[in-house]
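Inside the fold
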Amino acid sequence: MRNKSSGGRFWWLLLAVTALSFVIAAAMLGPERSWCIARAAALSVTVDGLGEVPSDHRIPELLIVRDNTMADRAVLHDGPAEVPMLWYEAQGQGGLPDAVTTRGIALEKVTARLPVPLLWLDRGSIVDMVEQHMALWVAGAYGVATAWSTPAWVTIDHAPGRVMWLREIAGPDLLRLRNVVDAPVELYRLSHARSEVPWNDLAQWRHEGEGDPETQQRMLALMQVLNTADLPAMDRRDSLLRLVDVEAWLRYDAALAVMDVAPESFVLLRDPRHGRWLPVLDGVMGALRDSTGRRIADPVARMLVQEPDWRHRHQVLVREACGMLLATGAYDKALDELIESLGPTVLADRDKRDRVVAGDDNLYRVAMPHVASRLRTMRSAQHARGVELMKEDPHDTRP
């Protein structure tokens, strides 16, 4: 009898502590937010934890073994391949610090499944990572220079495996890795893709490459065009034609418009085939908007669409992208293939995270039904945006 009484008191005590924790959380966070978080956590245990056993992974499985003597060194195991690597630039992305980080890794050599040596290793919201991947896929399918990316099941030392995303860090070797040119190229990067960061200040840009004097002069010339508000229209047009790949830039901004995103960083690569600046998309975030809600494009794109024929071309490209990617089903097919390949791995990840409360950017543990619901919402929103963009008049040349 004594054992039963002790056991009963234990369970009542546990129930009381749980109830008290919920009351405290409700007082701090609000009842609705607390309920959403608690429900998501409970479903992650009851639905995923007690559900079916995941099948084999359909995406790359990677093991990273850290060097205990040197914190920045590790070995990446990709199947039979063992590749020395370096860690650098770890950074938090919001939410729970241990679960949401982006780390840079540099591989000593590429592998069959990792064809680029410099990569971001992203661990964040499952849905955000899918959106990032699809935005890069859309841009690449539309002829934009983009970073390579792939999901992977990553185990670090003896920690539980997790769904992560490997995304190329665009660098001087981007075109060489794609067999477009034989040597590295010159590149400038503006790390903070925010409207308040001045594009026209060369000191804000980080140069990567050998430091060709002509390349710097061309970058300074582009800054001068952006800085000269009263430049005659003909001079401005001639300068843009000489300095930037106009068609590539219009396609770049059209892809961003279709996906309603902004670049995470601005990357300009000097294409040695013609010497002009080429924009590269190596990551995205939510679109920047002005006070009226309109998407804010980068300064070069805004200057290009001041020319009526280029603005018309931009609108045609947006409509073409919507038709090619959405109306033909290419986007849905690519998304379906991605979701199917991710299925067993997302189920196996017992610590997958996502947003569960509107207006709250923190990430919390979630279950498969939550992920599936958010992906359906993402698909529906993308189709709705495509329908709206297709309605726009391509002959409207107003800036």
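Throughout what follows, the structure given in this document is the object of discussion. (Residues numbered from 1 in each chain as written. Predicted model: local features only at pLDDT ≥ 70, side-chain atom pairs only at ≥ 80, totals over all residues. Heavy atoms only, no water.)

To continue, consider the sheet that holds strand E6 (residues 145-146). As a general point, the strands of a sheet are linked pairwise by backbone hydrogen bonds and lie either parallel or antiparallel. Reading across the sheet, the five strands line up as E6-E13-E12-E9-E10 and stay open at both edges, with mixed pairing between neighbours. Each edge of the sheet is formed by a strand with only one pairing partner; in this case those strands are E6 and strand E10 (206-208). Strands strand E9 (187-190), strand E12 (266-270) and strand E13 (277-281) of the sheet are contacted by helix H5 (residues 213-227), whose axis makes an angle of about 130° with E12. (Pairing = 2+ DSSP bridges. Helix = DSSP H or I, 4+ residues; strand = E, 2+ residues; numbered from the N terminus. Contact = heavy atoms within 4.5 Å. Axes fitted to C-alpha atoms, helices over the stretch in contact; angles between N-to-C directions.)

It is worth spelling out the nonpolar core at this point. Counting 70 residues, the largest nonpolar core has Val130, Trp199, Trp205, Leu222, Val244, Trp249 and Tyr331 as the members making the most contacts within it. When residues in this core are grouped by element, the largest group, 10 residues, is from helix H7 (residues 246-259). Discounting residues that sit within four places of it in the chain, Trp249 has contacts with Trp199, Val244, Leu268, Trp277, Pro279, Asp298, Val300, Ala301 and Leu304. (Core = buried A, V, L, I, M, F, W, Y, C linked by side-chain atoms within 4.5 Å. Buried < 20%, exposed > 50% of the residue type's maximum accessible area, 1.4 Å probe, protein only.)

Moving on, we get to the side chain of Thr146. By secondary structure assignment, the location of Thr146 is in strand E6. Of the residues examined, Thr146 reaches a relative accessible area of 13% and is grouped as buried. The residues contacting Thr146, other than those within four sequence positions of it, are Leu136, Ala139, Gly140, Glu168, Leu174, Arg178 and Leu281.

Residues that lie three or four places apart on an α-helix share one face, since the helix turns once every 3.6 residues. Here H7 contains 14 residues, and its C-alpha end-to-end distance of 20 Å stays within 8% of the 20 Å for a straight helix at 1.5 Å per residue. Burial within H7 is extensive, with 12 of its 14 residues counted as buried. Of all the residues in H7, the buried ones are Val246, Ala248, Trp249, Leu250, Tyr252, Asp253, Ala254, Ala255, Leu256, Ala257, Val258 and Met259. Positive backbone phi, approximately 55°, marks Asp260, located one or two places after H7. (Expected span 1.5 Å × (residues − 1).)

This paragraph deals with the environment of His274. Mapped onto the fold, His274 is located in the loop between E12 and E13. Engagement of the side chain of His274 in a polar contact is seen with the side chain of Asp245, the distance being 3.3 Å. (Polar contact = N/O pair within 3.5 Å; in protein donor to acceptor, adjacent residues only side chain to side chain.)

Along strand E5 (residues 118-123), five of the six residues are buried, which leaves the element largely enclosed by surrounding structure. Both E5 and strand E8 (residues 162-168) contribute to a ladder of four bridges, which runs antiparallel. Within the sheet, the bridge partner assigned to Leu121 lies in E8 and is Leu166.

Let us look at the packing of aromatic side chains. As enumerated under the stated definition, the model contains two aromatic pairs in all. Look at Tyr188 and Trp277: their rings are 5.8 Å apart centre to centre, the planes differ by 75°, and that puts the pair in the edge-to-face class. Highlighted residues: Tyr188 in strand E9 and Trp277 in strand E13, separated in sequence by 89 residues. Classification of Trp277 by relative accessible area gives buried; the value is 0%. Seen in terms of ring centroids, Trp249 and Tyr252 are 6.4 Å apart; in terms of plane orientation they differ by 80°. Their pairing is edge-to-face. Linking Trp249 with Tyr252, this pair stays in helix H7, spanning three residues, or about one helical turn. (Phe/Tyr/Trp six-rings, centres within 6.5 Å; stacked < 30°, edge-to-face > 60°.)

Limitation: the analysis is restricted to geometry and does not speak to function.
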